[in-house]
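Descriptive structure summary
Listed here are the chains, written in short residue letters.
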Amino acid sequence: MHAKNRIPSSGNSTPSPPASPLRSPRYRHGRKSGRFRPFQPGQTIAHRLAWLLLSVLLRRQGIFLFAPLIYISGMLLYMGTISFDVVPVVKHRPAPGSVYRSPQVYEKLKIDMNGDNSFADAIWTIWKNSYKRGEWRSCVNKSSEGLPESNGYIYVEANGGLNQQRTSICNAVSVAGYLNATLLIPNFHYHSIWRDPSKFKDIYDEDYFISALKNDVRVVNKIPEYIMERFDHNLTNVYNFRIKAWSSIQYYRDVVLPKLLEEKILRISPFANRLSFDAPPAVQRLRCLANYEALRFSSPILSLGETLVARMKERSANSGGKYVSVHLRFEEDMVAFSCCVFDGGEQEKEDMKKARERGWKGKFTKPGRVIRPGAIRINGKCPLTPLEVGLMLRGMGFDNNTYIFLASGKIYNAEKTMAPLLEMFPNLQTKEMLASEEELAPYKNFSSRMAAIDYTVCLHSEVFVTTQGGNFPHFLMGHRRYLYGGHSKTIRPDKRKLALLFDNPNIGWKSFKRQMLNMRSHSDSKGFELKRPNDSIYTFPCPECMCHTNKSEDSSSSSAM
C-alpha cells in the first residue's frame, strides 16, 4: 500500500483506519477477487439464494435491528388472511366414572359371565363375619309402674313417606314420654309426591300400639270434648309450635314444656326430623320401644306380607328357602330428582324435564343453579339401573338360579330397563307377580301401604341389597340388626367405585368379579356396627336397643351346665 493513500483528501476528513494485516500465504493462496463466490459450479438456485442472503446480512449487520418490525409486519399480513368466524373446538375427554356406559360393559362381560362356574352360589356362603366379642340380642325394657298425671296433650303431623312418618311417630313417643304428656295418634300429612291419604290405623295396628306403650306413654286416639270445644272442634286452631330441625330434648324441656303446661295442648307441624339423634338413655329407650316393639303393621298388610314371604321361601326351596331382596330406586321421580343422564337420549331428557316440573316446580330451573350430571355420577349419587344391579350381583357370586324379590315402585321405561336384569335373573319376583290382582286391589292406590308390603318381604330375606339410600333401607337395616343378632345382612355397594367400573368397557370379567367380591366382603364386615354420635338409632340399634352377651359369659354358662 502506498504512502499517498494514507494522506487525507481535506483537513476536515478523518484519517483512514490502518490497513488490515496481511493474511498468511496459506489463506492468501488461490484467493480470487471478491469476498464471496455465490456462483460456483454445481450449486442449485436455492443454495445460491441462501448464500446471497447470508452475504448481505454479514455485510450489513444493522439489518438485525429491523428484524422485529419485519416479523410483526409478516404476522399482521398472515393474520389478515385468517377468518375468525370459525372457532376451533377443543374436545375434553370425560372424567372417569362420569358417563353411563354400563350397557357396553354388560355386552363385553356377558359371555364370560354366563360361562363362569368357578364358585358356589353366594346365597349359601355370603355371611361369614361374626361379632368377635360375643353376641347381641334384642332387649327393650318396658316399664311396669303406673304413669303420673299428664301435663297435657301433644298432637303432631307426620310428613313424608312411610318411613319418614315412622321417624315422626317414634320421636313423638319419645318427646311425649319425656315431657310426661299424652300423645294423640299422629296425623299423616298428605304429600303431592306420595299421594297417599292413608291414616295411622290403615297402616299400623293402632290398638296394639296403644297397648304396647300403656305403661310408658299415654296414647289416645281422640282429644276430650271439653278441650275440643275451646278450638271449635278443629285441631288446626290449636297453637302450632314451630320447632327447628334436630332440636335437642333439652329444648323441649326448657321451651316446649312451659307452653304445654300453659295451653294443655300443643300442635307440632311439621314434625319430621324435629328431634336430635343424640339423646339421654331414657329418650332412646322410648325410641327403641316405639320402633321395634310397638309399631306393627295393620292385620291386612301384615297378613299379605307374611303370605308373600312364605311364597318366596317356597319358590326358593332349592336354596333352603333363602332369597335376596333388592330395594331398587329407578322410578321416574327418582331418576328425575337425581339429575343423572342415562342412555334414553332425547326422550329421556324430555321425560325428566316434565317430571321435575311436575314434582318440584321451579326447583331445578332457578337462576344460577348449575347441574353437573357427570359430577353427580362420579360422587356415587346416581340411582343404580336394573342392569347395574344385575351385573353387581352376578359379580358377587349370585348365579342365575337365585330368587330375587324386587321392592320398588313403577320402574322408569321398564320394558327396556328391566330386560337385562330379567335376563341375568329369570327367577326375579315382585309383589305384583307373587300376589293376585284381588289380593293387591285394596292397596293399589296407596303408596305407603304398598311400601309396607315390600318392607315385610325384605325384612325376612337372607340378603337385603340397598341401591340408593333413603329412609326405607335405613330402617330395614336397623330392623334386620334387631332381628338377626346385630348383623344387618345387607349389601351396601360402593357406588363411587361402581361408577368407575361401569365406565370402563375394556374391563375383563375376572377383574370385575374380584372387585365385586371385595365389595361383598366389605358389606359383611360392616354388618355389625355400633351407634356413634349423630347416628340414627333406627339404623344402629346397638347398644341402646340390644343387649351384649360376652363370649366368656357364654362359655362359662355352658361349662356350668
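Everything that follows concerns the structure shown earlier in this document.
The model shown is predicted, which means the values in this text are computed figures rather than measured ones.

A few words now on the state of the cysteines. Scanning the model with the defined rule gives three disulfides in all. The disulfide that involves Cys 288 links it to Cys 545, with 1.8 Å between the sulfurs. With the S-S dihedral at roughly -70°, the linkage between Cys 288 and Cys 545 falls on the left-handed side. You can see Cys 288 sitting in helix α10 (residues 281–294) and its partner Cys 545 sitting in the loop between α23 (509–525) and β12 (546–549), a full 257 residues away along the chain. Judged by relative accessible area, which is 1%, Cys 288 ranks as buried. By relative accessible area, which is 0% here, Cys 545 ends up buried. Covalently, Cys 340 is tied to Cys 382 through a disulfide, its sulfur atoms 2.0 Å apart. One quick way to see it: the torsion about the S-S bond of Cys 340 and Cys 382 is about -100°, and its sign makes the bridge left-handed. Here Cys 382 lies in the loop between α14 (373–378) and α15 (386–395) and Cys 340 lies in the loop between α12 (332–338) and α13 (345–359), a separation of 42 residues in the sequence. The class for Cys 340 is buried, based on a relative accessible area of 2%. Once the disulfide-bonded cysteines of the chain are ranked by sequence position, their pairing pattern turns out to be 1-6, 2-5, 3-4.

Attention now moves to unusual backbone geometry. A cis geometry characterises the amide bond from Ser 269 onward to Pro 270, with omega recorded as -5°. Take Pro 270: it is sitting in the loop between β6 (265–268) and α10. With an omega of 5°, the peptide bond between Cys 542 and Pro 543 qualifies as cis. Counting through the fold element by element, Pro 543 comes out in the loop between α23 and β12. Phi at Asn 534 takes a positive value of approximately 75°, unusual for a residue other than glycine. For Asn 534, the position within the fold is in the loop between α23 and β12.

Here we take up empty space enclosed by the protein. Summed over all chains, the structure comprises two cavities of 30 Å³ or more. A volume near 110 Å³ is recorded for the largest cavity. Lining the largest cavity are 15 residues, and of these Arg 377, Leu 384, Glu 388, Lys 495 and Ala 499 sit closest to its centre. Per-element accounting of the lining of the largest cavity gives the leading share, four residues, to helix α22 (residues 495–502). Partitioning the lining of the largest cavity into residue classes produces eight nonpolar, three polar and four charged. Lining the second largest cavity are eleven residues, with Gly 160, Gln 165, His 189, Asp 196 and Ser 448 positioned closest to its centre. Split into classes, the residues belonging to the lining of the second largest cavity amount to three nonpolar, seven polar and one charged.

Here we come to the packing of helix α4 (residues 102–114) against α15. The contact between α4 and α15 brings their axes to 11 Å, and the two run at 35°. Handedness of the crossing formed by α4 with α15: left-handed. The residues of α15 that touch α4, namely those facing Ser 102, Pro 103, Val 105, Tyr 106, Leu 109, Met 113 and Asn 114, are Leu 387, Glu 388, Leu 391 and Arg 394. Here the residues of the contact of α4 with α15 sort into seven nonpolar, two polar and two charged.

Across the sheet, five strands lie side by side as β9-β8-β7-β10-β11; this open sheet has parallel pairing. On the outer flanks of this sheet lie β9 (428–429) and β11 (490–491), each paired with one strand and no other. Summarising the sheet, strand β7 (residues 324–327) and strand β10 (residues 463–466) pair through four bridges and their orientation is parallel. Pairing of His 327 across the sheet is with Thr 466, part of β10. Contacting β7, β8 (404–407) and β10, helix α20 (residues 447–459) crosses the sheet at an angle of about 150° to β8. The sheet strands contacting helix α21 (residues 471–483) are β7, β10 and β11, and the helix crosses β10 at an angle near 155°.

This model, assessed by the stated rule, comprises 21 salt bridges. With a shortest N-O distance of 3.9 Å, Glu 263 and Arg 230 are connected by a salt bridge. Residue Glu 263 is found in helix α9 (residues 249–263), and its partner Arg 230 is found in the loop between α8 (225–228) and α9; the two are separated by 33 residues along the sequence. Residue classification places Glu 263 among the buried positions, given a relative accessible area of 18%. For Lys 531, the salt bridge is made with Asp 278, and the minimal N-O distance between the two is 3.3 Å.

Rules and cut-offs
Residues numbered from 1 in each chain as written. Predicted model: local features only at pLDDT ≥ 70, side-chain atom pairs only at ≥ 80, totals over all residues. Heavy atoms only, no water. Disulfide = S-S within 2.5 Å. Helix = DSSP H or I, 4+ residues; strand = E, 2+ residues; numbered from the N terminus. Buried < 20%, exposed > 50% of the residue type's maximum accessible area, 1.4 Å probe, protein only. 1 Å grid on protein atoms, 1.4 Å probe; cavity = no way out; pocket = protein on both sides within 12 Å on 5 of 7 lines; lining within 4 Å. Points joined across faces, edges and corners; volume = space filled by probe spheres on them. Nonpolar A, V, L, I, M, F, W, Y, C, P; charged D, E, K, R; others polar. Axes fitted to C-alpha atoms, helices over the stretch in contact; angles between N-to-C directions. Left-handed = near helix turned anticlockwise from the far one by under 90°. Contact = heavy atoms within 4.5 Å. Pairing = 2+ DSSP bridges. Salt bridge = Lys/Arg side-chain N within 4 Å of Asp/Glu carboxyl O.

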